[in-house]
Amino acid sequence: MKGIKSVFIKMQRINTVIISLALLAMVGVVFLQTFCRFVIFRSLSWSEELSRYLFVTLIVLGVNLAITNHLFVRIEIIDNYLKGTAAVMMNLIRKFIMIYVNIVFVYSSFKLILIGAYQTSPAMRIPMSLLYGIVFIGFAMNVFASLIDLYETFVVISQRIFANSNSFSMLAIPAFILAGDIMSKGGLSKRLVAFADSLVGWISGGISLVSIVACTFFAAISGSSVATTAAIGGL
């Protein structure tokens, strides 16, 4: 995965250069059109079309950079409300939706390339398949950027799971559950319940009272609510 990511980063660097050149070209074309229209009073028929195509190139090739750098607009009322696990789940849902949408656009733009082979632009007579190809490349890079971003998210989640589980005190939980299960299978739990029943079982609503007294005795013995639940709950 590191090799794929390094290749994609190099592709994004080339993409950044292309976007910069497209932006400079778009500004130059718009300036030239303004100069020709208001200074020499002669409009260029191809300038508007070329500037629009350059603008489309900026958009479709720049989205993957926004995905990589997490520069998308967020709904603050949702992001500020969700915390912890809910925020992580919402983030994953967003990423899966983003991947699905970009895959759909990749497929649609590929279909447009086939159709554009028989079409040309009105003013400059540029093959539309070339323009649709730029859109296809842009959405394909969006898919790769989304997949890499999703992979990095899962890496962070795995690291958090390991960090939260890497605790010596957490070993007490399975140990207490095992102790409670052993006491339950050995008959200690039944004897405690029988003893509690002899104390308070004769009172009205004695079943609930027996449970409370038995859990009290067992908690005093084991010192763990988890072990108490494992032992008494199995009866």
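Residues numbered from 1 in each chain as written. Predicted model: local features only at pLDDT ≥ 70, side-chain atom pairs only at ≥ 80, totals over all residues. Heavy atoms only, no water.

### Overview of the overall build of the chain
Move 1: Secondary structure assignment for the chain yields nine helices and zero strands.
Move 2: Along its sequence from the N terminus, the chain presents helices and strands in the succession α-α-α-α-α-α-α-α-α.
Move 3: Put simply, the chain has 235 residues, and 29% of those count as buried.
Move 4: Of the roughly 15,700 Å² that the chain leaves accessible, carbon and sulfur atoms contribute 73%. (Helix = DSSP H or I, 4+ residues; strand = E, 2+ residues; numbered from the N terminus. Buried < 20%, exposed > 50% of the residue type's maximum accessible area, 1.4 Å probe, protein only. Areas by Shrake-Rupley, 256 points an atom, 1.4 Å probe, with all protein chains shown as cover.)

### A closer look at the environment of V29
Move 1: Locating V29 in the fold gives a position in helix α1 (residues 2–38).
Move 2: Placed 18 residues apart in sequence, V29 and S47 show a C-alpha to C-alpha distance of 6.0 Å.
Move 3: If we ignore the near neighbours within four places in the chain, the residues touching V29 are W46, S47, L50 and S51. (Contact = heavy atoms within 4.5 Å.)

### Focus on unusual backbone geometry
Move 1: A positive phi is found at R125, a non-glycine position, where the angle reads about 60°.
Move 2: Locating R125 in the fold gives a position in the loop between α4 (85–116) and α5 (128–165).
Move 3: When its relative accessible area of 55% is taken as the criterion, R125 is described as exposed.

### Points about a nonpolar patch on the surface
Move 1: Side chains of F31, L32, F35, F38, V39, I40 and W46 sit close together on the surface and give an oily, nonpolar patch of about 710 Å² of accessible area.
Move 2: Examined against the element boundaries, L32 turns out to sit in helix α1. (Patch = residues over 30% accessible without salt bridge, like charges linked within 9 Å, V, L, I, M, F, W, Y side chains within 5 Å. Salt bridge = Lys/Arg side-chain N within 4 Å of Asp/Glu carboxyl O.)

### Looking at the packing of α1 against helix α2 (residues 47–69)
Move 1: The geometry of α1 relative to α2 is characterised by a closest axis approach of 9 Å and an angle of 150° between their N-to-C directions. Taken together, the axis directions place α1 and α2 in an arrangement best described as roughly antiparallel. As α1 runs across α2, the sense of the crossing is left-handed.
Move 2: Residues belonging to the contact of α1 with α2 are distributed by class as follows: 15 nonpolar, nine polar and no charged. (Axes fitted to C-alpha atoms, helices over the stretch in contact; angles between N-to-C directions. Parallel < 35°, antiparallel > 145°, perpendicular 65-115°, else oblique. Left-handed = near helix turned anticlockwise from the far one by under 90°. Nonpolar A, V, L, I, M, F, W, Y, C, P; charged D, E, K, R; others polar.)

### Some details on α2
Move 1: For α2, which comprises 23 residues, the first-to-last C-alpha distance of 32 Å matches the rise-based estimate of 33 Å (1.5 Å per residue) to within 8%.
Move 2: Along α2, the helix axis deviates most sharply at G62, where the bend reaches about 35°.
Move 3: Taken from the residues just after α2, H70 is the one with a positive phi, measuring 55°. (Expected span 1.5 Å × (residues − 1). Bend = angle between axes of the 7 residues up to and from the residue.)

### Re α4
Move 1: Between its first and last C-alpha atoms α4 spans 46 Å; for 32 residues at 1.5 Å apiece the expected length is 46 Å, and the two agree.
Move 2: Of all the positions in α4, only L92, K95, M98, I99, N102, V106, S109 and G116 are classed as buried.
Move 3: Considering only its buried residues, α4 is in contact with α2 and α5.

### Looking at the layout of surface pockets
Move 1: One number sums up the size of the largest pocket: a volume of about 460 Å³.
Move 2: Lining the largest pocket are 16 residues, and of these F72, V73, R74, R94 and M98 sit closest to its centre.
Move 3: Within the residue set of the lining of the largest pocket, elements represented by two or more residues are α4 and α5.
Move 4: Considering each element in turn, the lining of the largest pocket owes the most residues, six residues, to α4. (1 Å grid on protein atoms, 1.4 Å probe; cavity = no way out; pocket = protein on both sides within 12 Å on 5 of 7 lines; lining within 4 Å. Points joined across faces, edges and corners; volume = space filled by probe spheres on them.)

### Description of the packing of aromatic side chains
Move 1: Taken as a whole, this structure holds three aromatic pairs when the rule is applied.
Move 2: Taking the centre distance of 6.5 Å and the plane angle of 40° together, the rings of F8 and F144 count as tilted. In this pair, F8 is assigned in helix α1 and F144 in helix α5, connecting sequence segments 136 residues apart.
Move 3: On the basis of relative accessible area, F8 is assigned to the buried category, the value being 6%.
Move 4: Centroid distance F110 to F136: 6.0 Å. Interplanar angle 50°. Geometry classified as tilted. Of this pair, F110 sits in helix α4 while F136 sits in helix α5; the two residues are 26 residues apart in sequence, bridging distant segments of the chain. (Phe/Tyr/Trp six-rings, centres within 6.5 Å; stacked < 30°, edge-to-face > 60°.)

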